[in-house]
Amino acid sequence: MTPITEVDGHRLALSNLDKVLYPATGFTKGEVLHYYATTADALLPHLRDRPLSFLRYPDGPDGQVFFAKNVPPGTPDWVTTAEVPRSEGPARMVLVQDLASLMWAANLVTEFHTHQWVIQRPGRADRLVLDLDPGSPATVVDCCEVALWLRERLAEDGIEAYAKTSGSKGLHLVAALRPTPSERVTEYAKELAVAAERALPRLAVHRMTRSLRPGKVFVDWSQNAARKTTATPYTLRARPEPTVSAPVTWDEVEECRSPGRLTFLATDIAPRLRDHGDLLAPLFETAGAAELP
């Protein structure tokens, strides 16, 4: 029998709670739901008002993994949805606005991916993101070196950057902006990536060409495009272990000497929130939002 629970007045059927989704650690679907419920206070502000793309892996990372942007079939009518403009025509997408809709979405077994803009201002970004992706044998240690250079370069333009792990191999830099057309943010991000490659030619690359990337850090500037999404802070990832896209301190970035130092599992996040709070909370302070030069 599928357990029924009530969240904020909404009844939810939570299925297959004992199913192991991460065989490397035995982490179950019930533990996935518990993780999202206990991390909701930190996670929800990063989801709210941002149209959601789902990376679903209902049988774990080794099973079928598929990306969905449209409202899934069977979505309850109390889950907020919104029409989102796209080049191929408008689409209806989910907005996770509260704990009940978070738990409904988590029950589908998802990674959460969001745009750099909110539904009230489609295509006007209030976030700048740079995705630092290491090409083997480069690792997150190399990403940290590039991140520190980019942090200083952004600071020259009056932009304060914050760091989080991708939850996979790399690192994300995020900054708060005054709402700016996504095309302009993309141009600026590309300028930063090109500058990083010039300053660190043996370490950084701004082009996506696979043959250029081994041993280097690809500074992916393209996720600032209006149509693109990035893994949301605190989302679980479809990896062999229940890794999380976790905010990190700049001290941790500076002190990173081995890849494992910046790998965080679901079980690490509650202690980190107790110790640090949400390290990305300053992104919500409008006074700190920057204007592009």
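Before reading further, recall that the structure is shown in the block above.
Visitor: Mind laying out the overall build of the protein chain, listing which residues take part and the relevant values?
Guide: Summing up its helical and strand segments, the protein chain has 6 helices and 16 strands in all. Taking 293 residues into account, the globule formula puts the C-alpha radius of gyration at 19 Å, and the protein chain, at 19 Å, falls close to it. For the C-alpha atoms alone, the extent of the protein chain along its principal axes is close to 60 × 40 × 40 Å. Split into buried and exposed, the 293 residues of the protein chain put 52% on the buried side.

Visitor: Please provide a residue-by-residue account of empty space enclosed by the protein, values included.
Guide: Under the counting rule described, the total for this entry stands at 2 cavities of 30 Å³ or more. Put simply, the largest cavity is a space of about 170 Å³. Lining the largest cavity are 14 residues, and of these Thr114, Gln116, Arg127, Val174 and Pro233 sit closest to its centre. When residues of the lining of the largest cavity are traced back to their parent elements, those giving at least two are β10 (124-134) and β15 (230-231). Of the residues contributing to the lining of the largest cavity, the split by class is 6 nonpolar, 5 polar and 3 charged. Size it by volume and the second largest cavity reaches roughly 60 Å³. Taken together, Tyr234, Ala246, Pro247, Ile269, Arg272, Leu273, His276, Gly277 and Leu279 make up the full set of residues lining the second largest cavity. Broken down by element, the lining of the second largest cavity gets its largest block of residues, 4 residues, from helix α6 (residues 266-276). Its residues placed into classes, the lining of the second largest cavity shows 6 nonpolar, 2 polar and 1 charged.

Visitor: How would you explain the layout of surface pockets if you had to name every residue and give the values?
Guide: Taken as a whole, the largest pocket encloses approximately 520 Å³ of empty space. In terms of lining residues, the largest pocket is bounded by 26 residues, among which Asp131, Asp133, Asp220, Gln223 and Arg237 are the most central. Secondary-structure elements contributing two or more residues to the lining of the largest pocket are β9 (110-114), β10, β14 (217-220) and β15. Looking at which element gives the most residues to the lining of the largest pocket, the answer is β10, with 3 residues.

Visitor: If you had to explain unusual backbone geometry to someone new, which residues and values would you point to?
Guide: With an omega of 10°, the peptide bond between Ser136 and Pro137 qualifies as cis. With respect to the secondary-structure elements, Pro137 resides in the loop between β10 and α3 (140-156). Unlike most non-glycine residues, Asp49 shows phi in positive territory, near 70°.

Visitor: Talk me through α6; I want residue IDs and the actual numbers.
Guide: Those residues of α6 that sit buried are Ala266, Ile269 and Arg272. Taken end-on, α6 shows its buried residues confined to a sector of 90°, consistent with a single buried face. Exposed positions of α6 whose direction lies more than 90 degrees from the buried face are Thr267, Arg274 and Asp275. Where the residues of α6 are buried, they touch β4 (27-28), α1 (29-47), β16 (247-248) and α5 (250-254). Count one or two residues on from α6 and you reach Gly277, which has phi positive near 70°.

Visitor: Residues and numbers for the pairing of strand β5 (residues 52-56), please.
Guide: The element β5 is largely enclosed, with a buried count of 5 among its 5 residues. Where burial is concerned, the two faces of β5 agree: the one with Leu52, Phe54 and Arg56 and the one with Ser53 and Leu55 are both buried. As paired strands, β5 and β9 are joined by 5 bridges and run antiparallel to one another. Considered in β9, the bridge of Leu52 is made with Thr114. Alignment of β5 against strand β6 (residues 66-68), held across 3 bridges, turns out to be antiparallel. Opposite Leu55, over in β6, you have Phe67 as the bridge partner.

What counts, and at which threshold
Residues numbered from 1 in each chain as written. Predicted model: local features only at pLDDT ≥ 70, side-chain atom pairs only at ≥ 80, totals over all residues. Heavy atoms only, no water. Helix = DSSP H or I, 4+ residues; strand = E, 2+ residues; numbered from the N terminus. Rg over C-alpha atoms; globule rule 2.2 N^0.38 Å. Buried < 20%, exposed > 50% of the residue type's maximum accessible area, 1.4 Å probe, protein only. 1 Å grid on protein atoms, 1.4 Å probe; cavity = no way out; pocket = protein on both sides within 12 Å on 5 of 7 lines; lining within 4 Å. Points joined across faces, edges and corners; volume = space filled by probe spheres on them. Nonpolar A, V, L, I, M, F, W, Y, C, P; charged D, E, K, R; others polar. Arc of directions from axis to C-beta. Contact = heavy atoms within 4.5 Å. Pairing = 2+ DSSP bridges.

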